[in-house]
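Each chain is listed here by its residues.
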Amino acid sequence: MKVLVPVKRVVDYNVKVRVKSDKTGVDIANVKMSMNPFDEIAVEEAVRLKEKGAVSEIVAVSCGVAQCQETLRTAMAIGADRAILVETSEELQPLAVAKLLKALMDKEQPGLVILGKQAIDDDCNQTGQMLAALADLPQATFASKVEIIEGAAHVTREVDGGLETLALTLPAIITTDLRLNEPRYVTLPNIMKAKKKQLDTFKPEDLGVNVAPRIKTLSVSEPPQRSAGIKVPDVATLVAKLKNEAKVI
Ligand code: AMP
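Attention in this report is confined to the structure presented alongside it. (Residues numbered from 1 in each chain as written. Predicted model: local features only at pLDDT ≥ 70, side-chain atom pairs only at ≥ 80, totals over all residues. Heavy atoms only, no water.)

Re the sheet that holds strand β8 (residues 152-159)
Here 9 strands make up an open sheet; going across it, the order is β9-β8-β7-β10-β6-β1-β4-β5-β11 and the pairing mixed. Each of the sheet's edge strands pairs with one partner strand only, and the pair in question is β9 (162-169) and β11 (199-202). Taken over all neighbouring pairs, the strand axes of this sheet differ in orientation by 30° on average, direction set aside. Strand direction decides the pairing type here: strand β6 (residues 112-116) and strand β10 (residues 172-176), joined by 5 bridges, are parallel. Bridge pairing links Gly116 to Thr176 in β10. With respect to the sheet, helix α1 (residues 37-51) is in contact with β1 (2-6), β4 (57-64), β6, β7 (139-149) and β10, its orientation differing from that of β6 by roughly 150°. (Pairing = 2+ DSSP bridges. Helix = DSSP H or I, 4+ residues; strand = E, 2+ residues; numbered from the N terminus. Axes fitted to C-alpha atoms, helices over the stretch in contact; angles between N-to-C directions. Contact = heavy atoms within 4.5 Å.)

Structural data, given as structure tokens:
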């Protein structure tokens, strides 16, 4: 079974983002970019399924600027077999990405698509769900365990008050949650090997997809500044302040 793993290039999670002075977005010039953390978990899961013999080929996909190749090389260093870049300098919103992925699914015919549950830059949490709708396939979001049992994907999800386990007929769409696995450390020999793996490039037009944005960002602003805390000398003062000033007890 072939698995498609979409990986997004985002601002590294350690970077403190700054809002542009004209409030049109955040400044990503000269900022460290990395693979979206949930997508790293998705690649790791695909590799583990391959190691268990449930998967035969892993294809990583990224949509965006030419530098997304670096993200794809990282996916291949973790263990993806080959990669596809859908190259565009247009701003891509989840519906556009879902349409591009649907077009690639038609080409590649994967048994499973494993996406991250959300990209940490736009926090949309939409692409997997939109792809499942466009492809008319079963979906399991926020997976914390994935097993392939007798040709079906058994997915455990963390829901309010416990765990839910679903059985999905294949092909299917899965999105990863944080606790699904801990991605492996990428080793230097694997980074070197990844440089030689196949990377194909398409343009959205090659896939017949119009990626024009449907949503306009009106304004982006910094969160309000937090006022500094104070030190209290003892518990009695703390309790008095909570009671009389903060009025929370
Ligand atoms: P979002 O709906 O934007 O929160 O993204 C959810 C998931 O969709 C991500 O974790 C990725 O797996 C996938 N995705 C979103 N945008 C892209 C992109 N430009 N290229 C590849 N995968 C993407």
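What to know about a negative patch on the surface
There is a patch of like negative charges on the surface, built from Glu90, Glu91, Glu205 and Asp206. Tracing the backbone shows Glu91 in the loop between β5 (82-87) and α3 (94-108). (Patch = residues over 30% accessible without salt bridge, like charges linked within 9 Å, V, L, I, M, F, W, Y side chains within 5 Å. Areas by Shrake-Rupley, 256 points an atom, 1.4 Å probe, with all protein chains shown as cover. Salt bridge = Lys/Arg side-chain N within 4 Å of Asp/Glu carboxyl O. Lys, Arg positive; Asp, Glu negative; His and termini not counted. Charge placed at Lys NZ, Arg CZ, Asp CG, Glu CD.)

Quick word on the site of the ligand
As a matter of local geometry, the ligand sits amid 18 residues, with Asp39, Cys63, Ala119, Asn125 and Thr127 nearest to it. Between the ligand and Pro6 there is a distance of 3.0 Å, counted from an oxygen atom to a backbone nitrogen or oxygen. Relative to its unbound accessible area of 480 Å², the ligand is 98% covered by the protein chains. Counting only elements with at least two residues in the shell around the ligand, the list comes to β4 and β6. The residue inventory of the shell around the ligand, partitioned by class, reads 8 nonpolar, 7 polar and 3 charged. (Near = heavy atom within 4 Å. Polar contact = N/O pair within 3.5 Å; in protein donor to acceptor, adjacent residues only side chain to side chain. Nonpolar A, V, L, I, M, F, W, Y, C, P; charged D, E, K, R; others polar.)

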